[in-house]
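Architecture and fold: a report
Given next are the chains, with one letter for each unit.
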Amino acid sequence: MAGGPVRHNDDGKEYPGNLTPYVLATCIVAAMGGLIFGYDIGISGGVTSMAMFLKKFFPDVYRKQTAHSNTNQYCKFDSVPLTLFTSSLYLAALISSLVASTVTRKFGRKLSMLFGGLLFCSGALINAFAKDVAMLIVGRILLGFGIGFANQSVPLYLSEMAPYRYRGALNIGFQLSITIGILIANVLNYFFAKIHDWGWRLSLGGAMVPAIIISIGALLLPDTPNSLIERGKHDEAITKLRRVRGVEEVDEEFKDLVAASEKSKLVEHPWRNLLQRKYRPHLTMAIAIPFFQQLTGINVIMFYAPVLFKTIGFKDNASLMSAVITGGVNVLATLVSIYGVDKWGRRFLFLEGGVQMFICQVAVAICIGLKFGVSGNVQNLPEWYAIVVVLFICIYVAAFAWSWGPLGWLVPSEIFPLEIRSAAQSINVSVNMFFTFVIAQIFLIMLCHLKFGLFLFFGFFVVVMSAFIYFFLPETKGIPIEEMSMVWKSHWFWGKYIPADDDSALEMGKNNGSGKKSVY
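Residues numbered from 1 in each chain as written. Predicted model: local features only at pLDDT ≥ 70, side-chain atom pairs only at ≥ 80, totals over all residues. Heavy atoms only, no water.

Formally: UniProt positions are given in the numbering used here, feature names are shortened, and annotations may be inferred rather than shown by experiment.
An unreviewed UniProt entry lists the protein under the name Major facilitator superfamily (MFS) profile domain-containing protein, from Saponaria officinalis. Listed in UniProt under the heading Subcellular location (unreviewed entry), the comment for the protein reads: "Membrane".

Quick look at the structure:
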């Protein structure tokens, strides 16, 4: 656990190292890369609920919104162009994350962060001055390119820079930045919505601020020792490793990093290498975790929180304020994860969060179903009833924020061997962005057709994903990133995919005396 001995001697190596002010500051700056992703998630829903934005770009939706009381509340925001405005970003992020893999591997994590910031800034500028829907979508695509680069490089940077006993907490700094970005965006939407004609331009243009922060941060940050070794800069790497760890005795860790790098250089085609049998556990997690993360339903809440709250009877400012409240809960609950991830473990948080999310989704479905039924022809909820709905949604958001939110980025970034790390992280980001795109594109259509049953749809997947974690994800807390193969070798199911003569697994056996020690 953080602050004390993490591993017993029979579990493997313990690299010396401290949580130095230098590495703490470095990780905080790098984690700010999450601000751009969070700001965009938060800003989208607020802007698409602003009357003047809808009137200018999506007049059909605006007319539905101002229609008489017999309008079906479930379907008043159903518009393919409107959802395309939101979801086009994530398709662009999917494509750019594949390119970012090569940049991250050959030129370092910093350059990917810099590209992410500059592309995101360009998209924000175009959106702020948009004249038509086409210009809006071009801006969104550039924003997506930026997010693809940042999301590919920042979690890797944090996992490689952090001492292993603090890796969970420092990596979750990325998710904390995402939640802070969402909260800032929700607050700004609340105030900018009061500027009648052009407040939406300020909301969209405000994305330039987090973009500038990550761009400047990328120029100031040091390279990770892993990245320097990967690019053949061994002398610089060992100097950097000593500074990062705060001790002189880093020879053993450096030797293992070099060995991992040499092994990775033997891999000519990392993408093709991912298909090897011994990487089956890694590839499965790179696909399954981001897939399930999106099917928790969280992005439905965070993208469209103001739209959703307006749909269940809140007025304009009330819906935006409710989104601010959920954003605040999101930030506070992420702090719980930072505290507990290296103390309680990844599996505990995953499973507890799953149970809590399922209960809340069923409760929200019942609350909305009882009031709106199937027709959806109720204009307003009683104030106490709306508060109950918001309360359940907040408890749901809290569960996600200390479980699937941060762990969906942390676990994939720490389990990949160096030889497939960039390629596997690109798969992770691509799957995440693809299903974010799909959910964002079809949510309002699903709400119109499934009505309150939409929450039961996501609740079903929460049950499935919790079962997947219980049976197939080993615990990874307190294990150095370059020794992660031990958790697969000793797993009841994945162990059969790791060959007995695998170099990393054999090295594990030498260190811990057994390749079969349980990791649960």
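**Some details on the overall build of the protein**
Rules: A run of H or I in DSSP becomes a helix once it reaches four residues, and a run of E becomes a strand once it reaches two; helices and strands are each numbered from the N terminus. Relative accessibility decides the category of a residue: with a 1.4 Å probe and only protein chains considered, values under 20% of the type maximum give buried, values over 50% give exposed, and everything between is partly exposed. Contacts are assigned to residue pairs with any non-hydrogen atoms lying within 4.5 Å of each other. The Shrake-Rupley method, run with a 1.4 Å probe sphere, supplies the accessible areas, and residue values consider only the shown protein chains as cover.
Looking only at helices and strands, the protein features 24 helices and zero strands. In the protein, which comprises 520 residues, the proportion classed as buried is 62%. Relative to all contacts within the protein whose residues are 6 or more apart in sequence, the contacts with residues 24 or more apart total 82%. Summed over its atoms, the accessible surface of the protein is roughly 19000 Å², and 68% of this surface lies on carbon and sulfur atoms.

**Re the side chain of Glu475**
As a reminder, the rule being used: Charged-residue counts in this description rest on Lys and Arg as positive and Asp and Glu as negative, His and the chain ends being excluded. What makes a salt bridge here is a side-chain nitrogen of Lys or Arg within 4 Å of a carboxyl oxygen of Asp or Glu, nothing more. Identification of polar contacts relies on pairs of N or O atoms within 3.5 Å, with a donor-acceptor requirement for protein atoms, meaning one able to donate a hydrogen and the other able to accept it, and with residues adjacent in sequence counted only if both atoms are side-chain atoms.
Residue position: Glu475 is located in the loop between helix H22 (453-472) and helix H23 (485-489). There is no salt bridge for the buried Glu475, and the closest opposite charge comes from Arg346, which lies 4.4 Å off by N-O distance. Here Arg347 takes part through its backbone nitrogen, which lies 3.1 Å from a polar atom of the side chain of Glu475. A distance of 3.1 Å separates the side chain of Glu475 from the backbone nitrogen of Lys477, its partner in a polar contact.

**Description of a nonpolar patch on the surface**
Just so we agree on the cut-off: Patch rule: a residue counts if its relative accessible area is over 30% and it has no salt bridge; like charges are joined within 9 Å, and nonpolar side chains (Val, Leu, Ile, Met, Phe, Trp, Tyr) within 5 Å.
Nonpolar side chains collect at one region of the surface, where Leu19, Leu24, Ile28, Met32, Val209 and Ile213 lie side by side and expose about 460 Å² of accessible area between them. For the nonpolar patch, the secondary-structure elements that each account for two or more residues are helix H1 (21-31) and helix H10 (208-220). Relative to the helices and strands, Leu24 is located in helix H1. Look at Leu24 and you get partly exposed, because its relative accessible area is 34%.

**A short note on the nonpolar core**
Note the cut-off: Residues belong to one nonpolar core when they are buried, are Ala, Val, Leu, Ile, Met, Phe, Trp, Tyr or Cys, and are joined through side-chain atoms within 4.5 Å.
Ranked by size, the top nonpolar core spans 126 residues in total, and within it Phe53, Trp404 and Met433 carry the most contacts. Looking at which element gives the most residues to this core, the answer is helix H21 (residues 418-450), with 13 residues. When residues no more than four places from it in sequence are discounted, the contact partners of Trp404 are Ile289, Phe292, Gln293, Thr296, Phe350, Met357, Met465 and Ile469. Within the second largest apolar cluster, nine residues are counted, among which are Leu228, Ile229, Ile238 and Leu241.

**What to know about the environment of Val99**
Structurally, Val99 is set in helix H5 (residues 80-107). Separated by 53 residues in sequence, Val99 and Gln152 have C-alpha atoms that sit 9.8 Å apart.

**So, the pattern of salt bridges**
Taken as a whole, this structure holds 11 salt bridges when the rule is applied. For Arg231, the salt bridge is made with Asp223, and the minimal N-O distance between the two is 2.9 Å. The closest approach of N and O atoms between Arg346 and Asp342, which form a salt bridge, is 2.9 Å. Each member of the pair, Arg346 together with Asp342, is buried.

**Focus: helix H19 (residues 383-401)**
To be explicit about the condition: Multiplying one less than the number of residues by 1.5 Å gives the expected span of a helix.
If you check H19, its first and last C-alpha atoms are 26 Å apart, about what 19 residues at 1.5 Å a residue would give, namely 27 Å. Those residues of H19 lying buried are Tyr385, Ala386, Val389, Val390, Ile393, Cys394, Tyr396, Val397, Ala398, Ala399, Phe400 and Ala401.

**Side note on the confidence of the model for the protein**
In low-pLDDT regions, the fine details of the predicted coordinates are not to be read closely. For clarity, the cut-off: Known as pLDDT, the predictor's per-residue confidence is scaled from 0 to 100.
Looking at the protein as a whole, its pLDDT mean stands at 83, while 86% of the residues score no less than 70. Scored below 50 in pLDDT, residues 1-11 shows 27 contacts in the model against residues more than four places distant or in partner chains. When the criterion is pLDDT under 50, residues 504-520 qualifies, and its contacts beyond four places in sequence or with other chains add up to 39 contacts.

**Points about the packing of aromatic side chains**
Heads up, the rule is: Between rings of Phe, Tyr and Trp, where Trp is taken as its six-membered ring, a pair exists when centres lie within 6.5 Å; planes separated by under 30 degrees are stacked, by over 60 edge-to-face, and by other angles tilted. For a ring to carry a charge above it, either NZ of a lysine or CZ of an arginine must fall within 6 Å of the ring centroid while also lying within 35 degrees of the normal to the ring plane.
Summed over the entire model, instances satisfying the criterion amount to 31 aromatic pairs. Ring centres of Phe37 and Trp409 lie 6.3 Å apart, and the angle between their planes is 85 degrees; on these two criteria the pair is classed as edge-to-face. Of the two residues, Phe37 is situated in helix H2 (residues 34-47) and Trp409 in helix H20 (residues 404-415); the sequence distance between them amounts to 372 residues. Comparing Phe37 with Trp409 shows no difference in burial state: the two are buried. Arranged with centres 5.8 Å apart and planes meeting at 50 degrees, the rings of Phe53 and Phe58 form a pair that is tilted. Looking at Phe53, the relative accessible area reads 0%, which means it is buried. Judged by its relative accessible area of 4%, Phe58 is buried. Clustering of aromatic rings is evident, with ring pairs tying together Phe291, Phe292, Phe350, Trp404, Phe434, Phe435, Phe468, Phe472, Trp492, Phe493, Trp494 and Tyr497. Seen from the ring of Tyr190, Lys194 lies directly overhead, with NZ or CZ sitting 4.6 Å from the centre.

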